[in-house]
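# Descriptive structure summary
The residues making up each chain are set out below.
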Amino acid sequence: MQTEGPSREAPLWPLIAFGAVAIGIIALQAGPALGGDLRGNDDMMRMQQVRDLLTGDRGWYDVSQRRLLTPEGGAMHWSRLPDLFIGGIVFLLQPLMGTRMAEGVAATLWPLGQFAWVLAAAALCLRRLGASLSGQLAGLFFLSISFALFNLLPGRIDHHGLGLALTLTGFAALLSPDRTRRSAVIAGLCVPLMLSVAIENLPAAGLLLAGFGLAWIVRGIEETGRIRLFGSTLVIAALLSYVLDAPGAGGVRTVCDAYGQSHFVALLVAGAGMFTIATFMPGAYPWQNRLLVMAIAGAAALITFLVVNPACLGDPYSGIMEDVRSGWLSGVGEARNASAVFSDSFSSGLFYYGFGVAGIAAAVYALVRAPSGLTLARAFLIGFCVLGFALSLWQLRAAMLSHAFAAIAGGLVTGMAFGHWRARRGGQAALILLLVAVFASPAGWRLPGVLLPDEDTSAKEEDIDCTSSGALAQIAAAPSMVVFTPIDLGAPLIFHTPHYATAAPYHRNPKALSRALNIYTGPVSVAREKMSRTGATHLLYCPGLNEMEAYAKRAPESFAAALERGDIPAWLVPMTPAEARVGDPVLYTIAFDRN
């Protein structure tokens with residue numbers, strides 16, 4: 001198979017055409033979002049945060065949720081950066097089409113815009129890695145059918161898509177063949193913004209920092225101007241994001257689950273260290289000296305990180321109570337590890353992790369076949385493929401990062417196989433192209449699940465609707481009240497209705513999570529008395545909700561099990577008409593005067 005060289009002269013119009021078609025196809029899924037139904041709890045809570053910001057119920061620096069009545073006060077840890085874009089669209093459009101439709105348009109345009117951004121950044125990465133036009137198109141196609149797409153669909157307005165877009169943009173800047181000032185500034189902006197958007201981007205941000213340091217170690221004086229500007233931009237951007245994003249410089253920043261003091265100070269030390277090295281030791285010959293001084297700068301940043309808040313080196317969920325960890329966190333889909341994923345569905349595990357392994361293999365092969373000048377760039381690609389895959393073994397949410405870089409590596413190698421076929425023709429070359437395309441594509445790792453599907457799931461679950469605007473319409477029409485909900489119904493209740501919830505799936509409210517778990521898995525005899533302490537006057541229940549089924553299975557004699565069996569206590573008086581109680585949420589009044 002022949003090696004391909006840099007492809008900076010490849011035409012752009014096929015990539016633009018592919019992107020337009022891909023975005024158009026994805027836009028066809030915008031119906032639910034335009035109708036007000038978003039994809040998940042975090043998307044609904046994000047839009048509620050935007051509402052609170054636009055109505056003045058919460059200021060820019062206050063992201064706590066006022067209608068989440070928990071002992072912690074509805075504490076949240078989210079960045080305001082996504083709200084800036086979503087809220088801007090709603091603010092501009094609501095005078096023209098009303099708030100509800102403006103929100104639907106924002107929930108459609110924002111993820112589609114991020115999808116376009118991700119495709120553009122991936123295409124640029126592929127060009128800078130030396131992919132041919134066929135390889136670039138293959139990489140974009142692989143990305144468009146990978147797990148990464150899930151966070152870029154209409155109605156998906158959480159922070160994951162923005163984190164991926166910033167990561168790919170920073171990676172493209174790192175790969176800049178001309179090592180321009182612009183690439184240094186862009187990368188210097190991306191790193192702090194990645195951390196501000198979500199701390200889950202910390203490993204990728206650290207790898208970008210290490211990449212710029214390694215580039216200087218390998219190239220020496222050629223990289224001096226770039227790391228000087230990268231370091232100075234990093235300092236300024238770290239300071240601005242620390243001051244301007246929630247909770248602001250005066251807020252609570254001694255945290256590990258969000259951009260905190262330890263991350264901020266470490267970025268300042270790293271940026272200042274790079275600036276100082278480039279200013280006073282621009283060449284530092286030979287390369288061993290560059291390695292030494294850069295290692296000292298990196299160690300200083302890491303030591304600072306540990307000194308400011310040593311707890312941030314460990315598991316960000318280490319402070320969660322054991323009952324919450326086992327009863328709630330272990331059931332969060334995106335927080336599952338590889339063992340849990342394969343246990344739930346072998347074919348799904350093969351898709352998530354098989355494609356990640358294929359990406360690593362493709363990246364290694366691309367490095368072995370790298371032409372002059374692209375060895376370091378392709379080594380960086382291996383680093384990101386390995387990082388994403390390793391993180392996905394710990395938590396499935398990182399499969400988005402793993403798949404994005406696997407798609408880039410897969411596209412690169414598929415382009416090489418296509419070039420080999422064009423040069424050689426014949427059956428052998430065609431077979432190689434076919435095998436590479438199947439191996440390097442996420443569709444190839446979906447194939448076993450299509451041919452040998454897992455056990456059929458109950459058809460009942462397809463009929464269950466617990467979270468849509470239609471299912472909660474009657475409940476929304478009732479006057480404002482405090483409702484005791486399962487954890488997974490807290491965000492939908494807050495988003496679709498004017499009511500207050502007592503729990504929602506957010507780890508900064510562990511006491512509320514523990515309380516809900518304790519009541520649902522505890523005996524019926526004490527459930528009402530414990531609910532009374534929450535201030536709730538009503539209870540929301542949805543037959544067949546996965547969360548309730550899990551509680552009933554874990555504790556067969558519990559309050560949740562009684563509800564699932566239909567053994568409703570006399571002190572729960574249904575407000576929902578009998579004809580509307582099949583497959584939809586039911587609202588009960590908690591009658592404290594009944595036995």
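Scoring rules and cut-offs
Residues numbered from 1 in each chain as written. Predicted model: local features only at pLDDT ≥ 70, side-chain atom pairs only at ≥ 80, totals over all residues. Heavy atoms only, no water. Disulfide = S-S within 2.5 Å. Helix = DSSP H or I, 4+ residues; strand = E, 2+ residues; numbered from the N terminus. Buried < 20%, exposed > 50% of the residue type's maximum accessible area, 1.4 Å probe, protein only. Core = buried A, V, L, I, M, F, W, Y, C linked by side-chain atoms within 4.5 Å. Contact = heavy atoms within 4.5 Å. Axes fitted to C-alpha atoms, helices over the stretch in contact; angles between N-to-C directions. Left-handed = near helix turned anticlockwise from the far one by under 90°. Nonpolar A, V, L, I, M, F, W, Y, C, P; charged D, E, K, R; others polar. Phe/Tyr/Trp six-rings, centres within 6.5 Å; stacked < 30°, edge-to-face > 60°. Polar contact = N/O pair within 3.5 Å; in protein donor to acceptor, adjacent residues only side chain to side chain.

Tallying each qualifying case throughout the model produces two disulfides. Residue pairing for Cys256: its cysteine sulfur links by disulfide to Cys312, the two sulfurs lying 2.1 Å apart. Taking the sign of the S-S torsion, about -90 degrees here, the bridge from Cys256 to Cys312 comes out left-handed. Here Cys256, found in the loop between helix H10 (224-244) and helix H11 (261-280), pairs with Cys312, found in the loop between helix H12 (287-308) and helix H13 (322-327); they are 56 residues apart in sequence, far enough to count as distant. By relative accessible area, Cys312 is classed as buried at 11%. Each sulfur in the disulfide pair Cys466 and Cys542 lies 1.9 Å from the other. With the S-S dihedral at roughly -75 degrees, the linkage between Cys466 and Cys542 falls on the left-handed side.

Within the largest apolar cluster, 124 residues are counted, with the highest numbers of intra-cluster contacts made by Phe171, Phe230, Leu381, Phe405 and Ile408. Per-element tally for this core: the top contributor is helix H5 (residues 99-128), with 14 residues. Sequence-distant contacts of Phe230, that is, excluding residues within four places in its chain, are made with Ala184, Ala187, Gly188, Val191, Leu209, Phe212 and Met274. Counting 52 residues, the second largest nonpolar core, distinct from the first, contains Val63, Tyr506, Leu545 and Ala560.

With that settled, consider the packing of H5 against helix H6 (residues 133-144). Where H5 contacts H6, the two axes come as close as 9 Å, and the packing angle between them is 145 degrees. Read as a crossing pair, H5 and H6 show a hand that is right-handed. Where H5 approaches H6, its residues Phe115, Val118, Leu119, Ala122, Ala123, Leu126 and Arg127 are matched on the opposing element by Gly135, Gln136, Gly139, Leu140, Leu143 and Ser144. For the contact of H5 with H6, the class distribution of residues is eight nonpolar, four polar and one charged.

Here the focus is the packing of aromatic side chains. Working definition: an aromatic ring pair is given by the centre-to-centre distance plus the angle between the planes. Counted under the stated rule, the structure contains 21 aromatic pairs. Between the aromatic rings of Phe147 and Phe150, the centroid separation amounts to 6.1 Å while the plane-to-plane angle is 5 degrees, which identifies the pairing as stacked. Taking relative accessible area as the criterion, Phe150 reaches 36% and is therefore assigned partly exposed. Arranged with centres 5.7 Å apart and planes meeting at 15 degrees, the rings of Tyr520 and Tyr551 form a pair that is stacked.

This part takes up the side chain of His499. With respect to the helices and strands, the residue His499 is situated in the loop between helix H22 (490-496) and strand S2 (500-501). The buried category is assigned to His499, whose relative accessible area is 0%. Here the side chain of His499 touches Ile475 through a polar contact of 2.7 Å, landing on its backbone oxygen. Not counting residues up to four positions away in its chain, the partners in contact with His499 are Arg67, Ile475, Ala476, Ala478, Pro479, Ser480, Met481, Val483, Leu493 and Ile494.

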